[in-house]
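Analysis of the macromolecular model
One letter stands for each residue in the lines below.
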Amino acid sequence: MGLYDRLMGTSDTVAKIPVHGFEATVGEYADGTLSGAEAQASIVALSGAPLDAGEIVEVQALIATVNAEVGIDAKQRRVAKINRVLLLGEARAPGYATPAEVATKLGV
């Protein structure tokens, strides 16, 4: 099970992470407002279960795609793209119906 599985709620045995809450948590972590421990506590509050080590690596990779952009406009466009893709994945829209499709759309 991975991060995108949890965001999409593809398992009956692993806690789903609500996309909006995830985005808020990761945004606050990325800008330094939340520590890693506080971000993990937020994920637990949102979903009832912490991120595992593999999911943490996936979050870090996603943040790295924003940090790789040059300039605030490019960073904001990247964040908006992540938001759109995760919301479409959560709804399992065509082309966004599997965790692999979502990861591909995100370029991670």
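Structure report, in brief.

Calculation rules
Residues numbered from 1 in each chain as written. Predicted model: local features only at pLDDT ≥ 70, side-chain atom pairs only at ≥ 80, totals over all residues. Heavy atoms only, no water. Helix = DSSP H or I, 4+ residues; strand = E, 2+ residues; numbered from the N terminus. Expected span 1.5 Å × (residues − 1). Buried < 20%, exposed > 50% of the residue type's maximum accessible area, 1.4 Å probe, protein only. Arc of directions from axis to C-beta. Axes fitted to C-alpha atoms, helices over the stretch in contact; angles between N-to-C directions. Parallel < 35°, antiparallel > 145°, perpendicular 65-115°, else oblique. Contact = heavy atoms within 4.5 Å.

Remarks on helix α3 (residues 36-47)
The first and last C-alpha atoms of α3 sit 16 Å apart over 12 residues, in line with the 16 Å expected at 1.5 Å per residue. Every buried residue belonging to α3 is among A39, I43 and S47, and all of these are buried. Down the axis of α3, the buried side of the element spans an arc of 55°, and every buried residue falls inside it. Opposite the buried face of α3, at more than 90 degrees from it, the exposed residues are A37 and A45.

Considerations on the packing of helix α2 (residues 19-30) against α3
In contact at an axis separation of 10 Å, α2 and α3 are set at 175° when each is read in the N-to-C sense. Classified by the interaxial angle, the pair formed by α2 and α3 is roughly antiparallel. The residues of α3 that touch α2, namely those facing G21, F22, T25 and Y29, are G36, A39, S42, I43 and L46.

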